[in-house]
Amino acid sequence: MIRKSLTVLVIDENHIRASIIEAGLREAGHEQVTVVHDVAGIARRIAEIEPDVIVIDLENPNRDMLENMFQLSRVVKRPIAMFVDRSDQASIEAAVAAGVSAYVVDGLRQERVKPILEMAISRFNAFSRMARELEEARSELEDRKVIDRAKGILMRSRGVSEDAAYTLLRKTAMNQNRKISEIAQSLVTAAGLLDPGES
């Protein structure tokens, strides 16, 4: 399930705990492991390293530290496994909302690193797929709305049926080697310029 050549970034201020995670990763076959002990400038380090997966360990996180890590996870668009020693419901909800793929409370043990990493990657991929599908559905809905508006404009201006208006849009799109939604958007924009009541 996991590619063997993953680049993993471990963010942990505690050297002993970082070595437990690193040992678990190496035991799982991941040789490209970078450990960072200082969170200052971490966004720049992530950009330099370009990890496939990020593992964050926060021994005793305070609210500000958690929020900083959650903001980081919103930006990096990578699977993130986060280990914490203690948590509350609000922190768990914030982690989920921020896109943390695995949020593990009081569970840092070397033998657990591999399955947690695999779960984080799987959850990240599933979430990314759902987000992509949602965006495609939104885009299709928006295209459908624009096409319907364009059909309405053609029906009023040319006195044709809905089917004839759609056929005209489709034929124009084929002749110009463009998408029907692009032709429809051009028509709606032009109609809005000519008759502001159309927009």
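Taking an unreviewed UniProt entry as the reference, the protein chain is identified by name as Two-component system response regulator belonging to Mesorhizobium wenxiniae.

J.: In this structure, what is going on with a negative patch on the surface? I would like to understand it.
T.: Together, Glu-133, Glu-135, Glu-136 and Glu-140 make up a negatively charged patch on the protein surface. By the secondary structure assignment, Glu-136 is in helix α5 (residues 110–158). Exposure remark for Glu-136: the relative accessible area of 44% places this residue in the partly exposed category.

J.: I'm lost on helix α6 (residues 162–176) in this one. Help?
T.: Side chains of residues three or four places apart in an α-helix project in the same direction, reflecting 3.6 residues per turn. Taking 1.5 Å per residue, 15 residues should reach 21 Å; α6 reaches 21 Å between its end C-alpha atoms and fits that length. Turning to α6, its buried residues are Ala-165, Leu-169 and Ala-173. Down the axis of α6, the smallest arc covering the buried residues is 70 degrees, so these residues share one side. With respect to the buried face of α6, the exposed residues turned more than 90 degrees away are Asp-163, Lys-171, Met-174 and Asn-175. Looking at the packing, one finds that the buried side of α6 touches α5 and α7 (180–194). Positive backbone phi, at 55 degrees, marks Asn-177, one or two positions downstream of α6.

J.: Can you walk me through the domain arrangement of the protein chain in this structure?
T.: Bring the parts together and some accessible area is lost; that lost area is often taken as the interface size. The domains assigned to the protein chain are domain 1 (8–132) and domain 2 (137–194). Summarising the inter-unit geometry, the C-alpha centres of domain 1 and domain 2 are found 47 Å apart.

J.: Sorry, what's going on with the pattern of salt bridges here?
T.: Two side chains bearing opposite charge may form a pair once their charged atoms approach each other closely. In this structure the tally under the stated criterion is 12 salt bridges. The salt bridge involving Lys-151 is made with Asp-148; its shortest N-O contact spans 3.4 Å. One end of the pair is Lys-151 and the other is Asp-148, both in helix α5 and three residues apart, which spans about a single turn. Each of Arg-144, Asp-148, Lys-151 and Glu-162 takes part in one network of salt bridges that share partners.

J.: Would you take a moment to explain the side chain of Thr-7 for this structure?
T.: Inspection of the secondary structure puts Thr-7 in strand β1 (residues 7–12). Taking the relative accessible area as the measure of exposure, Thr-7 reaches 18% and is therefore buried. Setting aside chain neighbours within four positions, we find Thr-7 in contact with Gln-32, Ile-49, Glu-50, Pro-51, Asp-52 and Val-53.

J.: Is there a simple way to think about the layout of surface pockets in this case?
T.: Volume-wise, the largest pocket comes out at about 320 Å³. What lines the largest pocket is a set of 16 residues, among which Ala-98, Gly-99, Val-100, Phe-124 and Phe-127 lie closest to the centre. Elements represented by at least two residues in the lining of the largest pocket include exactly α3 (63–76), α4 (89–98) and α5. A total of five residues in the lining of the largest pocket trace back to one element, the largest contributor, which is α5. Here the lining of the largest pocket is built from residues that sort into eight nonpolar, four polar and four charged.

J.: Any chance you could explain the packing of α3 against α4 here in plain terms?
T.: For any two helices packed against each other, the geometry comes down to the angle between their axes and how far apart the axes lie. Running from amino to carboxyl end, α3 crosses α4 at an angle of 20 degrees, the nearest separation of the two axes being 8 Å. Taken together, the axis directions place α3 and α4 in an arrangement best described as roughly parallel. Like other packed secondary-structure pairs, α3 and α4 cross with a definite hand, here right-handed. Side by side, α3 and α4 meet where Arg-63, Leu-66, Phe-70, Ser-73 and Arg-74 of the first sit next to Ala-90, Ser-91, Ala-94, Ala-95 and Ala-98 of the second. Split into classes, the residues belonging to the contact of α3 with α4 amount to six nonpolar, two polar and two charged.

J.: Before we go on, may I ask you to explain the packing of α5 against α6 in this structure?
T.: At a minimum axis separation of 9 Å, α5 and α6 run at an interaxial angle of 110 degrees. Between α5 and α6, the interaxial angle falls into the category roughly perpendicular. Considering the relative orientation of α5 and α6, their crossing is right-handed. Judged by residue contacts, Arg-144, Ile-147, Ala-150, Lys-151, Leu-154, Met-155 and Arg-158 of α5 engage Glu-162, Ala-165, Tyr-166, Leu-168 and Leu-169 from α6. For the contact of α5 with α6, the residue count by class is eight nonpolar, no polar and four charged.

About the cut-offs
- Residues numbered from 1 in each chain as written.
- Predicted model: local features only at pLDDT ≥ 70, side-chain atom pairs only at ≥ 80, totals over all residues.
- Heavy atoms only, no water.
- Patch = residues over 30% accessible without salt bridge, like charges linked within 9 Å, V, L, I, M, F, W, Y side chains within 5 Å.
- Areas by Shrake-Rupley, 256 points an atom, 1.4 Å probe, with all protein chains shown as cover.
- Salt bridge = Lys/Arg side-chain N within 4 Å of Asp/Glu carboxyl O.
- Lys, Arg positive; Asp, Glu negative; His and termini not counted.
- Charge placed at Lys NZ, Arg CZ, Asp CG, Glu CD.
- Helix = DSSP H or I, 4+ residues; strand = E, 2+ residues; numbered from the N terminus.
- Buried < 20%, exposed > 50% of the residue type's maximum accessible area, 1.4 Å probe, protein only.
- Expected span 1.5 Å × (residues − 1).
- Arc of directions from axis to C-beta.
- Contact = heavy atoms within 4.5 Å.
- Domains from an automatic or database assignment.
- 1 Å grid on protein atoms, 1.4 Å probe; cavity = no way out; pocket = protein on both sides within 12 Å on 5 of 7 lines; lining within 4 Å.
- Points joined across faces, edges and corners; volume = space filled by probe spheres on them.
- Nonpolar A, V, L, I, M, F, W, Y, C, P; charged D, E, K, R; others polar.
- Axes fitted to C-alpha atoms, helices over the stretch in contact; angles between N-to-C directions.
- Parallel < 35°, antiparallel > 145°, perpendicular 65-115°, else oblique.
- Left-handed = near helix turned anticlockwise from the far one by under 90°.

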